Structures are given as C-alpha cells and as structure tokens.
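Letter by letter, the chains look like this.
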Amino acid sequence: MVFRKEIQMFGLLFFFLFSVHGLGTDGIQGLSDDNYGSSTCNFPAVFNFGDSNSDTGGISAAFYPIGVPNGETFFGKPSGRACDGRLIVDFMAEELGIPYLRAYLDSIGLSSFKTGANFATGGSSIRQPGFSPFHLDIQISQFRQFKARIIDLANSTQGKADLPKPEDFSKALYTFDIGQNDLSYTLQTTSETETRAAIPIILDLFSTAIQQLYNEGARVFWVHNTGPIGCLPSFSKYYKPGDLDKNGCVVRLNMIAQEFNRQLKSKLTQLKANLTSAAFTYVDAYTAKYTLINNAESQGFVDPLDFCCCNRKIVGTPYYGPCAHPEKHISWDATHYSEAANQWVANYILNGSMSDPPVPINQACHA
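Residues numbered from 1 in each chain as written. Predicted model: local features only at pLDDT ≥ 70, side-chain atom pairs only at ≥ 80, totals over all residues. Heavy atoms only, no water.

Put simply, the rule is: UniProt positions are given in the numbering used here, feature names are shortened, and annotations may be inferred rather than shown by experiment.
As annotated in an unreviewed UniProt entry, the chain carries the name GDSL esterase/lipase At5g14450-like and comes from Papaver nudicaule. According to the UniProt record, the Sequence similarities (unreviewed entry) comment for the chain is "Belongs to the 'GDSL' lipolytic enzyme family."

## Observations concerning helix H9 (residues 251-274)
This is how it is decided: In this description a helix means any DSSP run of H or I spanning at least four residues, a strand means any run of E spanning at least two, and both kinds are numbered starting from the N terminus. To estimate how far a helix should extend, the number of its residues minus one is multiplied by 1.5 Å. Classification of residues uses two cut-offs on accessible area relative to the type maximum, computed with a 1.4 Å probe and protein chains only: under 20% is buried, over 50% is exposed, and between them is partly exposed.
With 24 residues, H9 should cover 34 Å at 1.5 Å per step; its first-to-last C-alpha distance of 35 Å lies within 8% of that length. Taken together, the buried positions of H9 are occupied by Leu-253, Asn-254, Ile-256, Ala-257, Glu-259, Phe-260, Asn-261, Gln-263, Leu-264, Lys-267, Leu-268 and Leu-271.

## Thoughts on the environment of Gly-248
Here is the rule: Any two residues having at least one pair of non-hydrogen atoms within 4.5 Å are treated as being in contact.
Secondary-structure assignment places Gly-248 in the loop between helix H8 (233-236) and H9. The class for Gly-248 is buried, based on a relative accessible area of 10%. Considering only alpha carbons, one finds Gly-248 and Asp-303, 55 residues apart in sequence, at a separation of 9.4 Å. Look past the residues within four positions of Gly-248 in its chain and what remains in contact with it is Gly-230, Ser-236 and Leu-305.

## Digging into the packing of helix H7 (residues 192-215) against H9
What counts is decided by this rule: Axes here refer to lines fitted to C-alpha atoms; in helices the fit is confined to the stretch in contact. Angles between the N-to-C directions go from 0 to 180 degrees. Each angle gets one of four labels, with under 35 degrees taken as roughly parallel, over 145 as roughly antiparallel, 65 to 115 as roughly perpendicular, and the rest as oblique. A crossing counts as left-handed when the near helix is turned anticlockwise from the far one by less than a right angle, and as right-handed when that turn is clockwise. All amino acids are sorted into three groups, where Ala, Val, Leu, Ile, Met, Phe, Trp, Tyr, Cys and Pro are nonpolar, Asp, Glu, Lys and Arg are charged, and the leftover types, Gly among them, are polar.
Following both chains from N to C, one finds H7 and H9 inclined at 30°, their axes separated by 10 Å at the closest point. Taken together, the axes of H7 and H9 lie roughly parallel to each other. Considering only the axes of H7 and H9, their crossing is right-handed. For the pair H7 and H9, the contacting residues are Glu-192, Thr-195, Arg-196, Ile-199, Pro-200, Ile-202, Leu-203, Asp-204, Phe-206, Ser-207, Ile-210 and Gln-211 in the first and Arg-252, Leu-253, Met-255, Ile-256, Glu-259, Phe-260, Gln-263, Leu-264, Lys-267, Leu-268 and Leu-271 in the second. Here the contact of H7 with H9 is composed, by residue class, of 13 nonpolar, 4 polar and 6 charged.

## Observations concerning the pattern of salt bridges
Condition: Within this document, salt bridges are pairs made up of a side-chain nitrogen of Lys or Arg and a carboxyl oxygen of Asp or Glu, the two lying within 4 Å of each other.
Scanning all chains against the criterion turns up 11 salt bridges. For Glu-216, the salt bridge is made with Arg-144, and the minimal N-O distance between the two is 3.2 Å. With a gap of 72 residues between them, Glu-216 in the loop between H7 and strand S4 (220-224) and Arg-144 in helix H5 (residues 136-157) connect regions that are remote in the sequence. A relative accessible area of 19% means that Glu-216 is categorised as buried. What emerges from the salt-bridge pattern is a single network uniting Arg-86, Glu-94 and Glu-339.

## Brief notes about the environment of Lys-114
By secondary structure assignment, the location of Lys-114 is in the loop between helix H4 (88-96) and strand S2 (116-118). With 13 residues separating them in the primary sequence, Lys-114 and Leu-101 have C-alpha atoms 9.8 Å apart. Setting aside anything within four residues of it in sequence, one finds Lys-114 in contact with Pro-44, Ala-45, Ala-161, Asp-162, Leu-163 and Pro-164.

## Things to note about unusual backbone geometry
For the bond running from Gln-128 to Pro-129, omega is -10°, close enough to zero to count as cis. With respect to the helices and strands, Pro-129 occurs in the loop between S2 and H5. In this structure, the amide linkage connecting Asp-356 to the following residue, Pro-357, adopts the cis form with an omega of 0°. In this fold, Pro-357 is placed in the segment after strand S6 (355-356). Located in the positive-phi region is Asn-42, a residue other than glycine, with phi close to 55°. Even without being glycine, Ala-334 reaches a positive phi, approximately 85°. Looking at the element boundaries, Ala-334 is found in the loop between helix H10 (285-294) and helix H11 (339-349).

## Description of the nonpolar core
Looking at soluble globular proteins, one finds that nonpolar side chains tend to be buried together. For clarity, the threshold we go by: Within this scheme, the nonpolar core is defined by two criteria: the residues are buried Ala, Val, Leu, Ile, Met, Phe, Trp, Tyr or Cys, and they are joined through side-chain atoms within 4.5 Å.
Judged by nonpolar contacts, the single largest core of 87 residues is most densely connected at Phe-47, Phe-49, Tyr-174, Phe-206 and Phe-221. Among the elements that line this core, the one with the most residues is H7, at 9 residues. Setting aside its immediate chain neighbours within four residues, Phe-49 contacts Ser-54, Phe-119, Ala-120, Leu-136, Gln-139, Ile-140, Phe-143, Tyr-174, Thr-175, Phe-176, Asp-177 and Leu-213. By size, the runner-up hydrophobic cluster in this structure holds 5 residues, among which are Cys-309, Cys-310, Cys-323 and Trp-332.

## Some thoughts on the packing of aromatic side chains
Keep this limit in mind: When two rings of Phe, Tyr or Trp (its six-membered ring) have centres within 6.5 Å they constitute a pair, described as stacked for plane angles under 30 degrees, edge-to-face for angles over 60, and tilted for the intermediate range.
One pass over the full model with this rule turns up 26 aromatic pairs. Arranged with centres 5.3 Å apart and planes meeting at 10°, the rings of Phe-49 and Phe-119 form a pair that is stacked. Here the residue Phe-49 occupies a position in strand S1 (residues 46-50), and Phe-119 occupies one in the loop between S2 and H5, the gap between them amounting to 70 residues. Exposure class is identical for Phe-49 and Phe-119. Each is buried. Between the aromatic rings of Phe-221 and Phe-280, the centroid separation amounts to 4.9 Å while the plane-to-plane angle is 10°, which identifies the pairing as stacked. With Phe-221 in strand S4 and Phe-280 in strand S5 (residues 279-283), this pair connects stretches of sequence that are 59 residues apart. Phe-221 gets classed as buried once you look at its relative accessible area, which sits at 0%. A relative accessible area of 4% places Phe-280 in the buried class.

Set out below in structure tokens:
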C-alpha cells in the first residue's frame, strides 16, 4: 500500500512527538442531584485521557519539550501542546471554569492538581503496540496511582490544599479523546482491511478501561469520537485524486473512522446499560470537524489542506517558519489543528449540540 510504505519511515517520530441515583454495586455513591446541587454539575475536578489532541505537556515532560513555534499564538512560548495555542481540552476547562489541566507527568509547575489532571500524551493509543509507550492502560494505571496517593496523603496529613479531596473522584468529570493513533498505526503497519477488523478489539480494550475507572469511583464520562483522519494533510498527500472527496479528504480513511465511531457509540450504549450508576455522553467530534473542513472558506479559513508550519519537510515542502496568519488555518502542522480550529470545534461541541444525549458539558452529570 502506497500510504503505508511512504510514511512508515517518519510515522513513528511524527506521531510520537505529537501525536442515576443511589449506590453503585461497589458501594461508591452514584449520581444524584444532591451530589451537585443544581442543573449545572459543578465538577470539582476533571481527569482527561488521550493522545496529542489533548496532551497539555505529558510527552514533553516524559522525553523532550515540543519546541517553537508551538504555543506562539496564545501562550507566547511552547506549552507542551502540539498547537500554536489552546486545545479543545483547554476550551473545555474554560467552559467549566477551572484552570487548564496540568499534565500528570509534569511534576514541576506553578499550577496544582486540585481541579484535576491530564493523563493524555502525544502518540498514545488504546491498544499496544503503537507510537507511544503511554497507551490507555498505562494512563489508567497512572490515574489509579494518583488517586491512591491522594487518599494516602489525606489519611496521613488531612489532605493538601493543592490536591483533590478523596470524595472529588466520584464527582469528577472523566474525558476521553483517543483512538486516532490506533487507526493510524494499524494503517501503517497492516492494511485497511485489517484496520477495520481490529476495531472491535480496540474498543473492547477501551471498554475495559472505562470499567476500571468505574470501579475506582468514576461516574461521569464525556467521550469524543475520532476525527476525520482522511482530512489530515499528512495523510491525503499519499493518495490519488480519485481517492479524495471535494475537500481533498481520503474517502476510504474517513469511512474507517466512521466505522470506528459507529462501534464506539454502540460500545458506550452497552456500558451505559451495564454500569447503571454512571452517566455517558458520546460526543460527535467527527461531524464537528468535518463540518468545519467542509465550510472552511465561509468560516474564514483557507484551504483545509494548507497547513501552517512545523512539518513541511514531511510533505515535501521546505520549512522556513510558521505562516503569518495561523488563525486562518485549520491545520497547524499537517496532523494537529490550530488554536482557531480547536476553538471553532469546541464552540460546536461543548453546548451539547453534537452530543448523545444532547447535554452541554457542564450538565454531563445528568446524561
């Protein structure tokens, strides 16, 4: 397959860097209005799991920093994000009125973990092997260590002001944006047919991760489906015009992403039936992102396949620096979205218009 052969050499490095009520069956308190006191859930903390689409510094802390010009638009310097500014997870934090989530792996910083932690790292996938060692099972293990340590500290020192309270874990919001690298890695190392066949295996592992968090007291889950990977400039480069739709997206790859999302939604329906004390929200990020791509010009963006910076060598164009107007680009570096695109998508999904059930993120506990 042309796609696999041509990008396998750089794929590893590229994606690795960026890329109800009452008591539950385990005796942990379930959801009720008494937990939150109003229609707005007032989550005391958020715990995020994912890949580079929501990594706020994990991969930089684990290996070496993501450098300039990343961060130039909002932070004024690299911030551990594969973006010129904020990610969707940052706009989520703003919507919920909490500080930006600090990467769990980043032990040094001015911000605390009082309102949550981010376990996402660039390149992560649900299944092993992949582009990163920090697959979802490792992220869940890190969360469990984090929670156990919080409880231990609370028992020995009556807690610490810059850390969550033990009771916050059952009232927190648990967010997910992961799966894109599972499809990308499998496409590069096998075939499109084998990638489709792997989807149920990948989602069984995702289901196991959710159940592990549920056993730890998690009760509110906000899950993004995967985006239109066929619209990433780093992918579309390797296909013929006959393989592309009117926006330049690879039709077959987007069909694989859509099948992944169909099965993900079905899996969440099963989980909702089995974990009766939990609330699940399925977020159709795919449609939000493709809507932006399909309407790029009318929304003030340039060609969605025209990316701004960083990885032009990968698609055959010398890199001389970032573009002059990143706010006009959907793609920041051929794989990740710009801050402007992230903000557009966030505005589209956080109000609940792309969710099943259709609840905004600040009311996800009622889903």
